[in-house]
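Listed below, chain by chain, are the residues.
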Amino acid sequence: MAARRRVRDRPAPHLLLGPGGKCAQFGRDSRRSRPTDLGGGRRRPRLARRHPAAGHPWTAKVGPNNALPEYPRPQLTRDKWQNLNGVWEFAKATTGEAVPAGRGLAERVLVPYPIESALSGIQRHEDRMWYRRTFTVPAGWKVGAGNRLQLHFGAVDYDAKVYVNGTAVATHRGGYDGFDVDVTDALTASGPQELIVWAEDLTDATGQPIGKQRRVGDRGIFYQGSSGIWRTVWMEPVPAASITSLSLTPSVSAGVLKIKVNTFAGTGLTVRAAVRGGGSVTGAADTLLTLPMPRARLWSPDHPYLYDLSVSLVDRGKTVDAVGSYFGMREIGTAPGADGKLRITLNGKILFNQANLDQGFWPDGLNTAPTDAALRFDLEQDKAMGFNAVRKHIKVEPDRWYYWADKLGLLVWQDMPAANTGPIAAEWRGQFESELHEMVREHESWTSIVAWVPFNEGWGEWSREDTGRIATAVKAQDPSRLVNAHSGVNCCNSHGDSGAGDVIDFHQYLGPATPAPSGSRVAIDGEHGGFGLKTSNHMWFGDGQAYEMEPSSSVLTAKYVANQEAVITSAKYCGISAAIYTQITDVEGSSTASGRTTGSSPRWIWPPSGRSTRRSSRPRTGPGPMCRSRRPAPWVGRCRILVARRLVRDADPGRLARLRVGT
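Residues numbered from 1 in each chain as written. Predicted model: local features only at pLDDT ≥ 70, side-chain atom pairs only at ≥ 80, totals over all residues. Heavy atoms only, no water.

Caption draft 1: A look at the sheet that holds strand β37 (residues 522–529). With parallel pairing, the eight strands of this open sheet are ordered in space as β34-β32-β31-β30-β29-β40-β37-β36. One side of each edge strand has no neighbouring strand; the edge strands of this open sheet are β34 (482–483) and β36 (503–507). Pairing between β36 and β37: five bridges, direction parallel. Following the sheet pairing, H507 is matched in β37 by E527. Helix α5 (residues 553–573) rests against β29 (353–358), β37 and β40 (576–582) of the sheet, and its axis sits at about 160° to β40. (Pairing = 2+ DSSP bridges. Helix = DSSP H or I, 4+ residues; strand = E, 2+ residues; numbered from the N terminus. Contact = heavy atoms within 4.5 Å. Axes fitted to C-alpha atoms, helices over the stretch in contact; angles between N-to-C directions.)

Caption draft 2: Quick peek at the state of the cysteines. This structure, assessed with the given rule, holds one disulfide. Paired through a disulfide, C491 and C492 show a sulfur-sulfur distance of 2.0 Å. A residue is classified by how much of its surface remains accessible, and C492, at 48% relative accessible area, is partly exposed. (Disulfide = S-S within 2.5 Å. Buried < 20%, exposed > 50% of the residue type's maximum accessible area, 1.4 Å probe, protein only.)

Caption draft 3: Inspection of the nonpolar core at higher detail. One finds L379 and W413 to be the most contacted residues of the largest nonpolar core, which totals 62 residues. Looking at which element gives the most residues to this core, the answer is helix α2 (residues 399–408), with six residues. Residues L151, A160, V181 and I229 belong to the second largest nonpolar core, which totals 32 residues. (Core = buried A, V, L, I, M, F, W, Y, C linked by side-chain atoms within 4.5 Å.)

Caption draft 4: Inspection of the packing of helix α3 (residues 426–442) against helix α4 (residues 464–477) at higher detail. Relative orientation of the contacting elements α3 and α4 amounts to 25°, with a least axis distance of 11 Å. Here α4 runs roughly parallel to α3, going by the angle between their axes. Where α3 crosses over α4, the two elements pack in a sense that is right-handed. In this structure, α3 contributes E433, L436, H437, V440 and R441 to the contact, and α4 contributes R469, I470, A473, V474 and Q477. Looking at the contact of α3 with α4 residue by residue, the class counts come to five nonpolar, two polar and three charged. (Parallel < 35°, antiparallel > 145°, perpendicular 65-115°, else oblique. Left-handed = near helix turned anticlockwise from the far one by under 90°. Nonpolar A, V, L, I, M, F, W, Y, C, P; charged D, E, K, R; others polar.)

Caption draft 5: Spatial organisation of α5. With 21 residues, α5 extends 30 Å from end C-alpha to end C-alpha; this agrees with the ideal 30 Å at 1.5 Å per step. One or two residues past the end of α5 sits G575, with phi positive at roughly 90°. (Expected span 1.5 Å × (residues − 1).)

Caption draft 6: View of the sheet that holds strand β26 (residues 332–336). The three strands are arranged β26-β27-β28 in an open sheet whose pairing can be described as antiparallel. For this open sheet the edge positions go to β26 and β28 (349–350), each flanked by a neighbour on one side alone. Relative to β28, strand β27 (residues 342–346) runs antiparallel, the two sharing two bridges. Note on β28: the bridge partner recorded for L346 is K349.

Caption draft 7: Examining the environment of A516 more closely. Locating A516 in the fold gives a position in the loop between β36 and β37. A C-alpha to C-alpha distance of 9.0 Å links A516 and Y573, two positions 57 residues apart in sequence.

Caption draft 8: Structural context of the packing of aromatic side chains. Here the structure, examined in full by the defined rule, presents 25 aromatic pairs. The interplanar angle of 80° and the centroid separation of 5.0 Å between the aromatic rings of Y71 and W81 together place this pair among those described as edge-to-face. Pair noted here: Y71 is in the loop between β4 (42–43) and β5 (82–83) and W81 is in the loop between β4 and β5, with a separation of 10 residues, a long-range link. In this structure W81 comes out as partly exposed when scored by relative accessible area, which is 23%. (Phe/Tyr/Trp six-rings, centres within 6.5 Å; stacked < 30°, edge-to-face > 60°.)

Caption draft 9: Highlighting the pairing of strand β13 (residues 179–182). The alternating pattern of β13 places F179 and V181 on a buried face and D180 and D182 on a face that is not buried. Here strand β9 (residues 147–153) runs beside β13; their pairing, made up of four bridges, is antiparallel. When the bridges of β13 are listed, Q150 appears paired with D182.

Caption draft 10: Summary view of the side chain of K392. For K392, the position within the fold is in strand β30 (residues 389–392). Since its relative accessible area comes to 0%, K392 is described here as buried.

Caption draft 11: A look at the environment of R46. Along the chain, R46 falls in the loop between β4 and β5. Assessed through its relative accessible area of 39%, R46 is described here as partly exposed.

Caption draft 12: How the structure looks around α3. Taking 1.5 Å of rise per residue, 17 residues should cover 24 Å, and α3 covers 25 Å from first to last C-alpha, within 8% of that figure. Of the positions making up α3, those classed as buried are W428, Q431, F432, E433, E435, L436, M439 and V440. Summarising the contacts, the buried residues of α3 are in contact with β12 (167–173), β31 (411–415), β32 (449–453), β33 (455–456) and α4.

Caption draft 13: Focus on the confidence of the model for the protein chain. Looking at the protein chain, the pLDDT average stands at 85 and 82% of residues meet or exceed 70. Here residues 591–612 scores under 50 on pLDDT; set against residues more than four positions off or in separate chains, the count is 98 contacts. Counting interchain partners and residues more than four positions distant, the pLDDT-below-50 stretch residues 617–663 has 106 contacts. (pLDDT = per-residue confidence, 0-100.)

Caption draft 14: Molecular detail of the packing of helix α1 (residues 372–384) against α2. For the pair α1 and α2, the least separation of the axes is 10 Å and the interaxial angle reads 35°. Here α1 runs over α2; the crossing is right-handed. Contacts between α1 and α2 involve D372, L375, R376, L379, E380 and K383 from the former and R400, W401, W404, A405 and L408 from the latter. Looking at the contact of α1 with α2, its residues break down into six nonpolar, no polar and five charged.

Caption draft 15: Geometry of the pattern of salt bridges. Counted under the stated rule, the structure contains 32 salt bridges. The closest approach of N and O atoms between K392 and D358, which form a salt bridge, is 2.7 Å. Linking K392 in strand β30 with D358 in strand β29, this pair joins segments that are 34 residues apart in sequence. Of the two residues, K392 and D358, both sit in the buried class. (Salt bridge = Lys/Arg side-chain N within 4 Å of Asp/Glu carboxyl O.)

Shown next, in the form of structure tokens:
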């Protein structure tokens with residue numbers, strides 16, 4: 001049934017199973033115990049030690065007893081839950097193979113790190129695979145006596161089947177969205193319960209959405225894929241009638257929070273939502289309710305204030321389920337500036353989105369950050385460097401990434417993971433659209449997300465008309481956010497501008513791009529930059545490439561500052577509302593395209609003139625500029641001339657060569 005980066009400072013920890021089957025971690029200073037004998041002279045298989053292409057301080061902090069232990073669903077919390085991350089049994093699977101119920105598997109894998117990663121203990125690709133473990137349901141959960149047991153899979157790439165005690169309980173397709181399954185009816189009365197997961201990931205051999213994953217990275221802009229389980233697996237008890245999700249949409253202009261409490265078996269029941277220290281609303285489950293928020297404290301990058309929210313499901317006066325959540329009061333929109341050009345607004349005020357391109361790949365965990373602290377660190381550095389926004393580039397992150405973006409105060413432009421760069425085959429187009437709309441549904445309540453980006457540079461695009469249709473459908477699904485139909489519409493495999501959505505988006509390296517808004521759509525520089533610096537012992541493969549390599553940190557910093565000054569000029573004279581810099585962290589062979597932080601361990605190398613880089617990245621507010629249209633030559637040339645005149649006037653003609661327009 002269907003279910004609804006950096007230098008190896010020290011070796012990665014040696015992970016293996018200790019006495020009694022318990023997991024033990026062995027660092028380089030630890031003594032190694034003898035593996036437990038399984039009988040018949042066989043020894044218990046152990047989790048293998050693997051070395052990532054590059055390490056960082058978080059690598060050594062990962063062990064079988066602490067693999068991403070944090071609560072994985074910050075927007076819908078319950079007190080009772082159990083994390084199923086840790087050491088699982090593992091084996092390669094073959095087509096048509098019987099489910100290995102009741103028998104052990106030969107290898108060990110550390111969940112939830114994808115099997116190609118060093119942290120998984122496997123570090124190789126398999127098209128098909130088995131995972132196996134057992135779990136015990138706590139007696140206090142009263143499962144089967146009023147409560148049900150739900151298993152949650154954050155993500156399994158790509159096709160998955162789930163078995164409990166040999167019974168098939170779920171199938172799922174999609175590598176970037178989560179799924180839940182009620183396994184109550186498959187449980188035995190007591191004792192250990194067997195959980196088996198089958199996964200198949202053919203990556204770029206199919207038309208599935210993969211983002212930048214490839215079976216084998218090209219040491220350029222496409223990277224090693226991440227197969228199998230790559231987000232947290234966990235379980236919780238839920239009542240027979242329960243809250244499944246919350247749809248939260250703030251409206252600053254109306255002074256309300258629109259809330260829908262989605263339930264299972266909640267027909268005829270009542271819900272109550274209450275803001276801590278504020279108002280409340282009561283109404284029918286599964287209907288749209290309006291919670292008054294007069295004189296609300298607004299959320300913004302400078303002041304990311306979040307309200308705590310408690311939600312109850314009530315049956316004839318008795319609370320049958322209760323969850324915790326939170327939200328921020330913010331509203332994204334557009335408005336003409338003093339010059340008449342259409343600009344992006346936050347909470348009714350024009351705000352320039354100064355963003356970093358964030359790809360979310362890690363040298364030790366690939367798609368999966370090694371720790372929650374590491375996940376948070378990248379976003380903290382965005383803020384420290386002066387960015388107020390992030391473009392999450394053709395990848396969807398675990399919920400805790402968006403939680404930290406909400407908490408820290410970053411505007412997120414969320415891409416849909418692309419398929420292969422050529423047109424998506426007809427038989428896969430429906431799947432692409434299904435996963436796109438599921439991405440929007442699952443992430444509709446995150447405060448930080450302000451824009452959806454269905455296509456990038458024409459990758460997977462099959463027709464301009466369908467691109468417009470898809471953008472319109474996403475806008476209908478979520479009218480509260482901007483829709484950027486096609487990032488880099490001027491580039492690569494693009495079929496051209498569909499005219500749909502809220503944004504005109506150009507890419508230009510080194511840039512910046514200089515598109516102009518129309519009467520109904522804002523304009524942004526969707527990608528620019530790409531300065532790099534080789535730094536010894538700080539590159540994934542010992543080498544790398546960028547759009548322009550620099551000889552020293554000081555030169556790189558100067559180039560970055562000049563580039564950002566040109567962004568300000570483009571904003572003023574051409575009317576762009578956002579600029580997205582590529583990039584502050586390194587990824588495999590494109591590791592040295594890290595701009596201001598250098599090398600593939602940007603987290604620890606800072607340019608000497610960090611203050612000047614932060615000052616140049618500081619977002620500008622208020623009206624500005626002047627501008628253009630989507631037709632090629634006339635407006636591009638006009639805007640380029642305006643920018644060139646400004647640079648000449650400022651006595652810096654050396655920068656003219658870097659203002660190449662449109663590729």
